[in-house]
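Read off the chains here:
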Amino acid sequence: MPVNRRTLLLSTLCTSLVSNAFAATSAQHPENFSRFFSEADATGTIVVKDARRTREVTFVHDASRAERRYTPASTFKIPHSLFALDAGVLQDEFQQIPWDGLKRAPEAWNADQDLRSAMRNSTVWVYERFAQQIGMDREMAYLRRINYGNAVVTGAKPFWVEGELAISASEQVAFLSSLYRNQLPFALNHQRLVKDVMIMEAGKDWILRGKTGWSGKIGWWVGWVEWPSGPVFFALNIDTPNRLGDLSKRIDITKRILRSIDALPRG
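Residues numbered from 1 in each chain as written. Predicted model: local features only at pLDDT ≥ 70, side-chain atom pairs only at ≥ 80, totals over all residues. Heavy atoms only, no water.

Glancing now at the pairing of strand β2 (residues 44-50). Burial analysis of β2 places seven of its seven residues in the buried class, which makes it a mostly covered element. Alignment of β2 against strand β7 (residues 230-239), held across seven bridges, turns out to be antiparallel. Within β7, the position partnered with Asp 50 by the bridge is Val 232. Note: β2 against strand β3 (residues 57-61), five bridges, orientation antiparallel. If you follow Lys 49 over to β3, its bridge partner there is Thr 58. (Buried < 20%, exposed > 50% of the residue type's maximum accessible area, 1.4 Å probe, protein only. Helix = DSSP H or I, 4+ residues; strand = E, 2+ residues; numbered from the N terminus. Pairing = 2+ DSSP bridges.)

Let's shift gears to the confidence of the model for the chain. Averaged over every residue, the pLDDT of the chain is 90; residues scoring 70 or more account for 88%. Taken as a whole, residues 1-26 scores under 50 in pLDDT and shows 17 contacts with residues more than four places along the chain or in a different chain. (pLDDT = per-residue confidence, 0-100. Contact = heavy atoms within 4.5 Å.)

The tally for this structure, following the rule as stated, stands at 15 salt bridges. A salt bridge links Asp 50 to Arg 52, with the nearest nitrogen and oxygen atoms 2.8 Å apart. By relative accessible area, which is 19% here, Arg 52 ends up buried. Residues Arg 181 and Glu 56 are paired through a salt bridge, measuring 2.9 Å at the closest nitrogen-oxygen approach. In this pair, Arg 181 is assigned in the loop between α8 (169-180) and α9 (188-197) and Glu 56 in the loop between β2 and β3, connecting sequence segments 125 residues apart. Arg 181 gets classed as partly exposed once you look at its relative accessible area, which sits at 30%. (Salt bridge = Lys/Arg side-chain N within 4 Å of Asp/Glu carboxyl O.)

On the secondary structure map, Ser 117 appears in helix α5 (residues 115-120). With relative accessibility at 8%, the residue Ser 117 sits in the buried group. Within the local environment of Ser 117, its side chain forms a polar contact with the side chain of Gln 113, the two groups lying 2.9 Å apart. Aside from chain neighbours lying at most four places away, what touches Ser 117 is Ser 122 and Thr 123. (Polar contact = N/O pair within 3.5 Å; in protein donor to acceptor, adjacent residues only side chain to side chain.)

Attention now moves to the packing of helix α2 (residues 32-39) against helix α10 (residues 248-260). The relative placement of two packed helices is expressed as an angle between their axes plus a distance between the axes. Running from amino to carboxyl end, α2 crosses α10 at an angle of 155 degrees, the nearest separation of the two axes being 10 Å. Put simply, α2 runs roughly antiparallel to α10. Crossing hand, α2 versus α10: right-handed. For the pair α2 and α10, the contacting residues are Phe 33, Arg 35, Phe 36, Phe 37 and Glu 39 in the first and Ile 253, Arg 256, Ile 257 and Ser 260 in the second. (Axes fitted to C-alpha atoms, helices over the stretch in contact; angles between N-to-C directions. Parallel < 35°, antiparallel > 145°, perpendicular 65-115°, else oblique. Left-handed = near helix turned anticlockwise from the far one by under 90°.)

Right, let's talk about the packing of aromatic side chains for a bit. Tallied over the entire structure, the rule returns 15 aromatic pairs. One aromatic cluster is present, formed by Phe 76, Phe 83, Tyr 142, Tyr 148, Phe 159, Trp 160, Phe 175 and Phe 186 through successive ring pairs. (Phe/Tyr/Trp six-rings, centres within 6.5 Å; stacked < 30°, edge-to-face > 60°.)

Moving on, we come to unusual backbone geometry. A cis amide bond links Ala 105 with the next residue in sequence, Pro 106, at an omega value of 5 degrees. Mapped onto the secondary structure, Pro 106 falls in the loop between α4 (77-87) and α5. With an omega dihedral of -5 degrees, the bond running from Lys 157 to Pro 158 counts as a cis peptide bond. Position of Pro 158 among the secondary structure elements: in the loop between α7 (136-145) and α8. Even without a glycine there, the phi angle at Ala 73 is positive, about 50 degrees. With respect to the element layout, Ala 73 can be found in the loop between α3 (63-66) and α4. Phi at Asn 182 takes a positive value of approximately 55 degrees, unusual for a residue other than glycine. Assignment of secondary structure puts Asn 182 in the loop between α8 and α9.

It is worth spelling out helix α6 (residues 124-134) at this point. Taken as a whole, α6 has its buried residues at Val 124, Trp 125, Val 126, Tyr 127, Phe 130, Ala 131 and Ile 134. Looking at the buried side of α6, the elements it contacts are α4, α5 and α7. Trailing α6 by a residue or two, Gly 135 shows a phi angle of about 90 degrees, which is positive.

Burial analysis of α4 places ten of its eleven residues in the buried class, the great majority of the element. Among the residues of α4, Lys 77, Ile 78, Pro 79, His 80, Ser 81, Leu 82, Phe 83, Ala 84, Leu 85 and Ala 87 are the ones counted as buried. At the C-terminal side of α4, Gly 88 shows a positive phi close to 85 degrees.

Take the environment of Phe 130 next. Structurally, the position occupied by Phe 130 is in helix α6. For Phe 130, a relative accessible area of 3% gives the class buried. For Phe 130 and Leu 85, which are 45 residues apart along the polypeptide, the C-alpha to C-alpha distance reads 9.7 Å. Setting aside residues no more than four positions away along its own chain, Phe 130 makes contact with His 80, Ala 84, Val 89, Leu 90, Ile 97 and Glu 139.

Printed below as a string of structure tokens:
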């Protein structure tokens, strides 16, 4: 079968990325990823695991930071939703979670919620209520069961923002990979439901699932892009010294990186 120019160029690119130094682990540290952080004036890390090929390839910017644990902030809503479903405090995506009447910012929080809106709006009070209903002992047991970061629930509340719970970008990708493959120790329908409420964007042949997070100091965006040829997982965290002024950088940097490896459509 003749090989067209595009196929040849892609083959050459893939070959050049897989250097002998990283052949055993398929871990790559592409220098071009650095410019996306530099151009955004951001300090952080990203782990991208491209599973579209026969052999998975992992790209890492700032490998040392990728292994450093930080508070997961609202990215914890992904496993926390699974905990709530498994514990029976949440039945399905249709169950209404009544607002307590306390005014909070943002305005979207000041209404009854369901799982889909709580995930979309990152409604903290919903998950604080889940934590109260689940109880700290069961929270700890769930964290240990899925090997989530340091699996610690002590400290200030909410423990996934103000407490001592912490996870690395590399561990986030490992967790997401298990969720994508329905390999977590939870009911299949619960895993599928959580993945469904994670959808942020979609095209004709791709789906982007993800969740942002912010502790006040560290900004996260984690998730994956599904293609017919397989998924591309990602986990980014950055410092946010300018606080709200830095938050848009989480998605901007990640999308530019994903487009640079054709994991998201360009344009």
